[in-house]
Each structure stands twice: as structure tokens, then as C-alpha cells.
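Summary of the model geometry
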Amino acid sequence: MGLKIWQNGELVDEAQAKVSVFDHGLLYGDGVFEGIRVYSGNIFEFEAHIDRLYESAKAIRLDIGMDKRPLMDATEETVKANEIEDGYIRLLVTRGVGDLGLNPFVCGKAGVIIIAANIQLYPEEFYETGLKVISANAVRTHPLTLPPQVKSLNYLNNILAKIEAIDHGVGEVVMYNPQGYVAEASGDNIFIIRKGELFTPPIQAGALDGITRQVVMKLARESGYTVTERNLTKFDLYIADECFLTGTAAEVIGVVEIDGRIVGDGKPGAVTKELRKKFFEYARS
Ligand SMILES: Cc1ncc(COP(=O)(O)O)c(C=O)c1O
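All residue numbers here refer to positions counted from 1 along the written sequence of the relevant chain. For this predicted model, a pLDDT threshold of at least 70 governs which residues receive local features, and a threshold of 80 or more governs which side-chain atom pairs are given and counted, while totals over whole chains, interfaces and linings are taken from all residues. Side-chain descriptors were evaluated using all non-hydrogen atoms of the structure, hydrogens and water having been removed beforehand.

**Details of the site of the ligand**
Around the ligand sit 16 residues, and of these K151, Y155, E184, T212 and T248 come closest. Measuring from an oxygen atom of the ligand, one finds a side-chain N or O atom of T248 at 2.5 Å. Bound to the protein, the ligand loses 94% of the 380 Å² it would expose on its own. With a 1 Å grid laid over protein atoms only, a set of points is called a cavity when a 1.4 Å probe fits there but cannot get out and a pocket when it is open yet has protein on both sides within 12 Å along at least five of seven lines; lining residues have an atom within 4 Å of a point. Just a note on the criterion: a molecule sits in a pocket or cavity if more than half of its atoms are within 2 Å of the grid points. Counting atoms within 2 Å of the grid points, the majority share of the ligand lands in the largest pocket. Labels follow the DSSP assignment, with helices taken as runs of H or I lasting at least four residues and strands as runs of E lasting at least two, numbered in each case from the N terminus. Contributing elements (two or more residues each) for the shell around the ligand: helix 6 (211-222) and strand 13 (242-247). Each residue belonging to the shell around the ligand can be placed in one class, and the counts come to 3 nonpolar, 9 polar and 4 charged. Summary of the distance rule: residues count as near a molecule or strand when at least one heavy atom falls within 4 Å of that molecule or strand. For the purposes of these results, a polar contact is taken to be a pair of N or O atoms within 3.5 Å, where, inside protein, one atom must be able to donate a hydrogen and its partner to accept one; residues adjacent in sequence count only when each atom of the pair is a side-chain atom. All accessible areas in this document rest on Shrake-Rupley with a 1.4 Å probe, and a residue is counted as covered only by the protein chains that are shown. All residues other than Ala, Val, Leu, Ile, Met, Phe, Trp, Tyr, Cys, Pro, Asp, Glu, Lys and Arg, Gly among them, are scored as polar; the first ten of these are nonpolar and the last four charged.

Shown next as C-alpha cells:
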């Protein structure tokens with residue numbers, strides 16, 4: 001039996017959930033989305049994710065066509081209908097059915113889709129051993145081309161970077177902005193630790209305003225660490241004492257090698273492990 005998918009107001013069987021070939025989400029990657037975790041039946045940082053979705057939509061002049069509360073209710077209904085205890089929600093809003101032209105305003109109502117499913121995680125051993133990463137050749141989309149806060153349906157930039165990771169047999173890639181500063185990984189935010197302090201690129205450097213990033217910054221500060229958002233260079237990564245990535249799927253995962261340079265002693269560092277544990281407890285509390 002397949003999943004129950006919420007689509008435009010009703011729960012339908014997976015096989016019945018369909019998108020038109022004239023939907024601008026398909027034709028142009030015109031739309032926005034969220035990826036949200038469910039821990040023990042609770043939707044993690046639900047309001048923050050919903051706010052980000054509506055802000056992304058506003059930035060691209062996309063009218064979701066429903067208020068936040070009914071969308072949250074529909075999301076909860078979808079999680080329950082699929083009996084998801086620990087899983088992942090994909091909430092998508094497409095521009096809707098238009099024609100072959102670019103004009104988004106000929107599209108009818110926005111298409112709203114909610115998928116609640118089990119989650120594919122990094123294998124547990126990755127958390128023990130840490131990830132190797134390389135610097136991507138694919139440059140992060142210029143913030144003036146598309147604000148990095150917009151979690152849009154067009155991930156081609158990130159996909160090209162991910163292909164580089166796969167080609168090189170590493171877990172992730174670091175993406176740089178057109179000025180050469182670190183932006184983020186292809187699907188995660190990045191932090192380094194140097195002399196006991198945490199540093200992460202500012203959003204303006206071309207990073208998604210990650211919800212996990214925000215939670216980790218809060219938890220780190222509560223634990224007494226200084227966290228500074230500032231531009232980071234490749235050199236900063238190479239000499240970091242520790243490095244980790246944050247994201248909805250990965251949570252907090254250590255990076256142990258960057259472009260062939262070993263980070264710290266080649267294992268996830270003490271601060272990384274502490275914050276991973278704190279995040280784990282916070283998410284499941
Ligand atoms: C490009 C990109 N950066 C960062 C993140 C991490 O954001 P979050 O912690 O909200 O999942 C994601 C994941 O959604 C992403 O796709």
C-alpha cells in the first residue's frame with residue numbers, strides 16, 4: 001500500500017497524486033518547498049518552517065492560496081494518515097497550471113502538496129567517522145539572482161554541486177559565493193570551530209537560513225560558546241580545529257577532511273559531538 005498524499009485540499013492515494021505537465025513547478029522549477037522532520041509524532045520547529053515557506057513564496061510573488069493554520073492542520077492530518085512517528089515531511093507549493101510561456105500570472109491556483117514519509121538518513125557510521133568533503137566548482141547562485149533565503153523548487157545549482165561530490169566519492173561539497181567566500185554545502189549549512197569559538201557564514205554569503213543552523217546556534221550559545229556569523233574563506237576551513245554541517249536530514253554531522261586537508265585529528269571533534277548530542281536531545285524532547 002502506498003502513501004496518502006495531501007494534494008490541493010484532499011488526501012489521495014500515492015498513485016492518484018499527479019501534477020500537470022503544464023505546471024510551472026515542473027516546467028520552470030517555479031515554486032517553493034520545505035523539508036521538515038517528525039520526531040516521535042511531533043513536527044520539529046513547525047512554525048519556523050511554515051514561516052520560511054510563506055516568506056519564500058512572498059519573495060517570488062507566489063500566493064499559496066491558503067492561510068498558515070489550515071496548511072499546518074493539513075500537514076498534521078497527512079502525518080497522522082500515514083502513521084509517521086519518525087519521518088520526514090515534504091511540503092511543496094508549485095506556481096500551478098499555466099502555459100508554455102514564462103508568465104507566472106497566467107497560472108491558476110498554486111498547487112499545494114504534502115508528502116509525509118519515512119526518512120533516508122546518512123548511515124550511522126558517517127556520524128562516527130565523519131564526512132570527507134571537497135570544494136565545489138559550481139558557484140553558489142548569486143544572492144542578487146535569487147535570495148538564498150528562498151527555498152525554491154529550482155535546486156539545479158545544488159544538484160550540479162552534488163554531482164561533484166558523487167564523482168569524487170565524498171559525502172558533501174562546500175559551495176562558495178561569487179566573491180569566493182564560503183556559502184554552504186549542497187544541502188546543509190556549515191560551521192567551523194577555531195580556538196573554542198564557532199563561526200558560520202552569514203546568510204548574505206549565499207546560505208539558506210537553515211532551521212537546524214538556527215537551533216544549533218541557540219544551543220551552542222546556551223552552552224557558553226561564542227558563535228559568530230562572518231565571511232569564511234577556504235583557508236579558514238583548511239585550518240579549522242573542527243567542522244560540521246547542519247540540516248534537517250543530517251542534523252549535526254562532523255566533517256573530517258576538506259580538499260585533502262585533515263580536520264583536527266581526523267575524527268568528529270569534541271564540540272561537534274557535544275552539539276550533536278544536545279541537538280539530538282532537543283529534537284526529541
Ligand atoms: C541548500 C540548503 N542549505 C541548507 C539546508 C539546511 O536547512 P535546514 O536546517 O532548514 O534543513 C538545506 C536543507 O534543507 C538546504 O537545502
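**Section: empty space enclosed by the protein**
Grid points are joined across faces, edges and corners, and a volume is the space filled by probe spheres set on the points. Across all of its chains, the model carries 1 cavity of 30 Å³ or more by this definition. Taken as a whole, the largest cavity spans an internal volume of roughly 50 Å³. R37, Y39, F44, H49, I211, T212, G247, T248 and F279 together form the lining of the largest cavity. When contributions to the lining of the largest cavity are tallied by element, the ones reaching two or more residues are strand 3 (31-39) and helix 6. Taken together, the residues that form the lining of the largest cavity break down as 4 nonpolar, 4 polar and 1 charged. Domain start and stop points were drawn from an automatic or database domain assignment. Each of domain 1 (4-117) and domain 2 (126-283) gives at least three residues to the lining of the largest cavity.

**Topic: the domain arrangement of the chain**
If you check the domain split of the chain, you get domain 1 (4-117) and domain 2 (126-283). Placing a centre on the C-alpha atoms of domain 1 and another on those of domain 2 gives a separation of 27 Å. Residue contacts are counted whenever heavy atoms from the two residues lie within 4.5 Å of one another. Taken together, the contact between domain 1 and domain 2 spans 24 residues of the former and 18 residues of the latter. Buried area adds together the accessible area that both of two parts lose upon being put together, with accessible area traced by a 1.4 Å probe. Buried surface at the junction of domain 1 and domain 2, both sides included, amounts to about 1,600 Å², of which 65% is carbon and sulfur. The three residues of domain 1 that bury the most area against domain 2 are F33, F44 and R52, which together make up 36% of that side's buried surface. For this analysis, a salt bridge means a side-chain nitrogen from Lys or Arg found within 4 Å of a carboxyl oxygen belonging to Asp or Glu. Across the domain 1-domain 2 interface, the total number found is 1 salt bridge. Among the salt bridges present, the one from R37 reaches E251, with a minimum N-O distance of 3.6 Å. Run the count over domain 1 and domain 2 and you get 9 residue pairs in polar contact (both at pLDDT 80 or more). When residues of the side of domain 1 that touches domain 2 are traced back to their parent elements, those giving at least two are helix 1 (24-28), strand 3, helix 2 (46-59) and strand 5 (87-94). For the side of domain 1 that touches domain 2, the element with the most residues is strand 3, which contributes 8 residues. Here the side of domain 1 that touches domain 2 is built from residues that sort into 12 nonpolar, 7 polar and 5 charged.

**Overview of the pairing of strand 10 (residues 189-194)**
It is a general feature of regular strands that their side chains alternate between the two faces of the sheet. Of all 6 residues making up strand 10, 5 are buried, and the element is well covered by its neighbours. Only when DSSP finds a minimum of two bridges between them are two strands counted as paired. As judged from the 5 bridges shared by strand 10 and strand 13, these two strands associate in the antiparallel manner. By the bridge assignment, I193 is partnered in strand 13 with E242. The turn joining strand 10 and strand 11 (residues 197-200), which pair antiparallel and follow one another in sequence, is formed by 2 residues; a positive phi near 50° is taken by K195. Buried residues are those whose accessible area, probed at 1.4 Å on protein chains only, stays under 20% of the maximum for their type, while exposed residues exceed 50% and partly exposed ones sit between those limits.

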